[in-house]
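Structural overview
So you can see what is in the structure, the chains are spelled out below.
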Amino acid sequence: MVYTLFAIEIVAAVILAGTLLYRYGDCYRNHILVTVSVLIAWCFSFVIMFILPLDVSSTFYRQCLQSINTTTVAAVQNNESSTIAPSNQCQKPWSYVPDSVFPNLWRIVYWTSQCLTWLIMPMMQSYSKAGDFTVKGKLKSAVIDNAIYYGSYLSICIILLIYITLKGVSLDGPKIKAIASSASNTWGLFLLILLLGYSLVEVPRNLWNNSKKNYTLTYSYFKIAKLSTDKCEAEETVDDILESLNSIAAAVGPGHPLHRHVDIILQKLPVQLRDKLNQKQPPERPTAPSLKSLVNLHKKTIKSLHVLQRTQTQWGLMLERIYHLEDVASNARSPEHRFQRTFNAPRPPLMRVLYPPIFEWYWECLIKPYFLRSMAVLTCIMSVAVVWSEVTFFVKSPVLSIFANVLIAARNTYNYTAIVTISTLTIGYMFYCAYSTVLRIRVLNLYYLAPHHQTNEYSLIFSGMMVCRLTPAMCLNFLSLVHMDSHIIKERIMETYYTQIMGHMDVLGIIAEGFNLYFPMLVVLLCAATALSLGSRLLSMCGFQQFADDELALDLVDEGREIAKREKRKRQRAEESLARRRDYNERFAPHRADDGDHYVASPHRTAPARLTVDDGGLDRFGESTLPSIRSEFERRGKMTMPPRGLFDDV
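Residues numbered from 1 in each chain as written. Predicted model: local features only at pLDDT ≥ 70, side-chain atom pairs only at ≥ 80, totals over all residues. Heavy atoms only, no water.

Attention now moves to the overall build of the protein. From N to C terminus, the protein includes 23 helices and two strands. When each of the 650 residues of the protein is scored for burial, the buried share is 43%. Once local pairs closer than 6 in sequence are excluded, the contacts in the protein between residues at least 24 apart make up 77%. Carbon and sulfur atoms make up 62% of the accessible area of the protein, which amounts to about 35200 Å² in all. (Helix = DSSP H or I, 4+ residues; strand = E, 2+ residues; numbered from the N terminus. Buried < 20%, exposed > 50% of the residue type's maximum accessible area, 1.4 Å probe, protein only. Contact = heavy atoms within 4.5 Å. Areas by Shrake-Rupley, 256 points an atom, 1.4 Å probe, with all protein chains shown as cover.)

As structure tokens, then:
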């Protein structure tokens, strides 16, 4: 029973990481190394988030034992007796594990994550977008692509080492590891504060705005209009790539030395684009390419296909969201209290039983808006608590940090359940706020996590890198908020095993006394700027289209509404045509079989009677065949012959 909760937390982290990777990634399409690396990165980040609260509760228990032992030693020195053992005075947490477990776990998790995020994944990311045709060439391009990236960090490390050496500090293996850990965590803290300054305001505001149906639908129209421009640009880029490939394919024949390289590029194209390329007329005088130009074209093809796949995925998801919001708006006025969809998608049998249309109507039209508003209020309270604690965590007496006061109160009453629960919720909320912001930034629009297995390798690798960089710094920041970092509160206390392994972010004096203490205060200014929408207003002034109450935004909303109507009509016509085709086949299939047998048996028939469909409707039959079929159908009383042009709209 000692490892019960510990094992449950580990299994929960693995299941959560695996479920998310299955939802967003495609294990059959992506490379196995990418899948394994991203799974490890996500899993270890969730392990830190779930296991750190257990380390906190264990540390409180060890602090209690240390305090009792100190008191006992002092009493013995003063010739006083203590009849109560320290273990009896301190209540042992029910989630306590042996002391050797946490240090070994943190070493494995932390250094594996650091190797992934700083060494392996950047190389994999560059390797995945390299245009070379051999493994050696891809590795060479990846190294060159990361040369500036690694060179800048190497120069910073050399400067830091020289500075520390001039300060008279002797360097050995443990100190070099502490310097590397401190540098990584300081970079993570810098990024964390910038992201929290935006998300701590935006998350509650998005929840509140999503509870307003009209606002959400209007904003979706605005997004689909902007996305339409991105989609057109991506399609135009791919068309340019196809033109280049058409010219190169005409110049490079089967016997050409570069023919196999051209085939590799063509195999990257989806079936629809390959068919579109085959329909193009080859140029009259094609020019043979060089290997270098093929490498550049291959790299452009990979990037353009990634962008096209991302925009098409966003386009489809946004259209589904608009259709759903329009269905909610129409069902809210319905007196039947049964949710009816415009497009009936197939649902699993269990879902149809547990979530019938009546329940769906009450949830979407009545309960969900109030639920979102209540969640907005709760997240707003959490955001205020985080901001206040970030500003006041360095004040030791009196304790002003909200989370520090809550955990201290729980520690005094030995309420370890509250300690674990509050710590997990706080770290989870900060994790969600920080990471959700990364994928919302327009500058990073190349990276997008799309559900239903639509996320490409490039975005998966980027997500793994970000969680590995943000999670350690975020957890150290949380320990500072709850006053469990001795270097922050300037008091010698027993620290968590996590802090002992990760180290402190105060190797340099300027970082210890300035950056780590006062930079988190910047979150107040960032939150104020986000609340006043200063960033959106500045981008709007610079020419970037933002959702605001101006004429340009209203025009985009109207454009998005028309786009949604047009796409809905296209989908309705396609589904109606498919339904008519299916109904036609069901009704006429047995008669085709009977009449086919009849005509085969008759020696006077010169042409078989086949009911097929083409662009003009039904195929023309012989004059002796068509009247007999028509009279036979009318005699049986099934139905009359369908008119010509039944499927003209397909």
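Now that the structure is up, let's keep going.
In the structure shown here, the tally under the stated rule is 16 aromatic pairs. With centroids separated by 6.4 Å and ring planes inclined at 0°, the aromatic side chains of Y215 and Y219 adopt a geometry described as stacked. Taken together, the residues Y215 and Y219, both in helix α8 (residues 213-251) and four residues apart, mark about one turn of the helix. Overall, Y215 belongs to the partly exposed group, its relative accessible area being 31%. With a relative accessible area of 33%, Y219 lands in the partly exposed category. Aromatic rings pair up to connect F6, F102, W106, Y497 and Y498 into one cluster. (Phe/Tyr/Trp six-rings, centres within 6.5 Å; stacked < 30°, edge-to-face > 60°.)

Here R373 shows up in helix α13 (residues 357-392). Residue R373 is classed as partly exposed on the basis of its relative accessible area, which comes to 30%. Linking R373 and R205, residues 168 residues apart in sequence, is a C-alpha distance of 9.6 Å.

The next subject is the packing of helix α4 (residues 101-129) against helix α6 (residues 147-166). The packing of two helices is summarised by the inter-axis angle and the distance between the axes. With their axes 11 Å apart at the nearest point, α4 and α6 run at an angle of 165° to one another. Taken together, the axes of α4 and α6 are roughly antiparallel relative to one another. In the packing of α4 onto α6, the handedness of the crossing is right-handed. Across the interface between the two elements, W118, L119, P122 and M123 of α4 pack against Y149, Y150 and Y153 of α6. (Axes fitted to C-alpha atoms, helices over the stretch in contact; angles between N-to-C directions. Parallel < 35°, antiparallel > 145°, perpendicular 65-115°, else oblique. Left-handed = near helix turned anticlockwise from the far one by under 90°.)

Any segment with low pLDDT has predicted coordinates that should not be analysed in fine detail. Overall, the prediction assigns the protein a mean pLDDT of 80, with 80% of residues at 70 or greater. Low pLDDT, under 50, characterises residues 599-650; the predicted model gives this stretch 70 contacts beyond four residues in sequence or across chains. (pLDDT = per-residue confidence, 0-100.)

Moving on, we come to the environment of I193. Looking at the element boundaries, I193 is found in helix α7 (residues 173-210). Relative accessible area serves as the criterion here: at 0%, I193 is assigned to the buried category. Non-local contacts of I193, meaning those with residues more than four positions away in its chain, are made with E390, F519, P520, V523 and L526.

S397 connects to P398 through a cis peptide bond whose omega is -5°. Tracing the backbone through its elements, the reader meets P398 in the loop between α13 and α14 (402-412). Residue Y414 is not a glycine yet carries a positive backbone phi of 55°. Here Y414 lies in the loop between α14 and α15 (416-438). Not every positive phi belongs to a glycine, and H483 is a case in point at roughly 60°. Take H483: it is sitting in the loop between α16 (457-481) and α17 (486-489). Classification of H483 as buried rests on a relative accessible area of 10%.

A few words now on a nonpolar patch on the surface. A cluster of nonpolar residues, I358, F359, Y362, L366, I367 and F371, forms a patch on the protein surface that exposes about 540 Å² of accessible area. Positionally, I358 belongs in helix α13. (Patch = residues over 30% accessible without salt bridge, like charges linked within 9 Å, V, L, I, M, F, W, Y side chains within 5 Å. Salt bridge = Lys/Arg side-chain N within 4 Å of Asp/Glu carboxyl O.)

Quick look at the packing of α13 against α15 now. Where α13 meets α15, the closest approach of the two axes is 11 Å, and the angle between their N-to-C directions is 95°. As summarised for this structure, α13 and α15 are arranged roughly perpendicular, according to the angle between their axes. Counting all contacts with α13, which are made through T379, M382, S383 and E390, the residues of α15 involved are L425, T426, Y429 and M430. Among the residues making up the contact of α13 with α15, the classes are represented as four nonpolar, three polar and one charged. (Nonpolar A, V, L, I, M, F, W, Y, C, P; charged D, E, K, R; others polar.)

Turning our attention to the side chain of S383. Tracing the chain through its elements places S383 in helix α13. Ignoring sequence-local partners within four residues, the contact set of S383 consists of L200, P204 and Y429.

One finds W106, L200 and Y498 to be the most contacted residues of the largest nonpolar core, which totals 94 residues. With residues up to four places along the chain from it excluded, the contact list for W106 reads V47, I48, I51, L52, D55, W111, Y497, Y498, I501 and M502. Grouped together as the second largest cluster of nonpolar side chains are 21 residues, F133, L258, L266 and L277 included. (Core = buried A, V, L, I, M, F, W, Y, C linked by side-chain atoms within 4.5 Å.)

The subject of this paragraph is the side chain of E9. Of note, E9 is situated in helix α1 (residues 4-24). Contacts of E9, omitting those with residues within four sequence positions, involve F50, I51 and L54.

Considered for burial, the residues of α14 that qualify are F403, A404, L407 and A410. All buried residues of α14 project into a common sector of 130° when viewed along the axis, lining one side. Trailing α14 by a residue or two, Y414 shows a phi angle of about 55°, which is positive. (Arc of directions from axis to C-beta.)

So, on to the pattern of salt bridges. With the rule as written, the count across this model stands at 14 salt bridges. Its salt-bridge partner being E243, residue K280 comes within 3.0 Å of it at the nearest N-O pair. Of the two residues, K280 is situated in the loop between α10 (271-278) and α11 (291-332) and E243 in helix α8; the sequence distance between them amounts to 37 residues. R341 is the salt-bridge partner of E360, the closest N and O atoms lying 2.3 Å from each other. Here R341 lies in the loop between α11 and α12 (349-354) and E360 lies in helix α13, a separation of 19 residues in the sequence.

Here we come to a positive patch on the surface. A contiguous patch of positive charge, built from K565, R566, R569 and R573, is present on the exposed surface. Structurally, R566 can be placed in helix α22 (residues 551-601). For R566, a relative accessible area of 39% translates into the label partly exposed. (Lys, Arg positive; Asp, Glu negative; His and termini not counted. Charge placed at Lys NZ, Arg CZ, Asp CG, Glu CD.)

So, on to the environment of H261. Within the secondary structure, H261 sits in helix α9 (residues 259-267). A relative accessible area of 7% places H261 in the buried class. With sequence-adjacent residues up to four places away left out, H261 is seen in contact with F133, L291 and L294.

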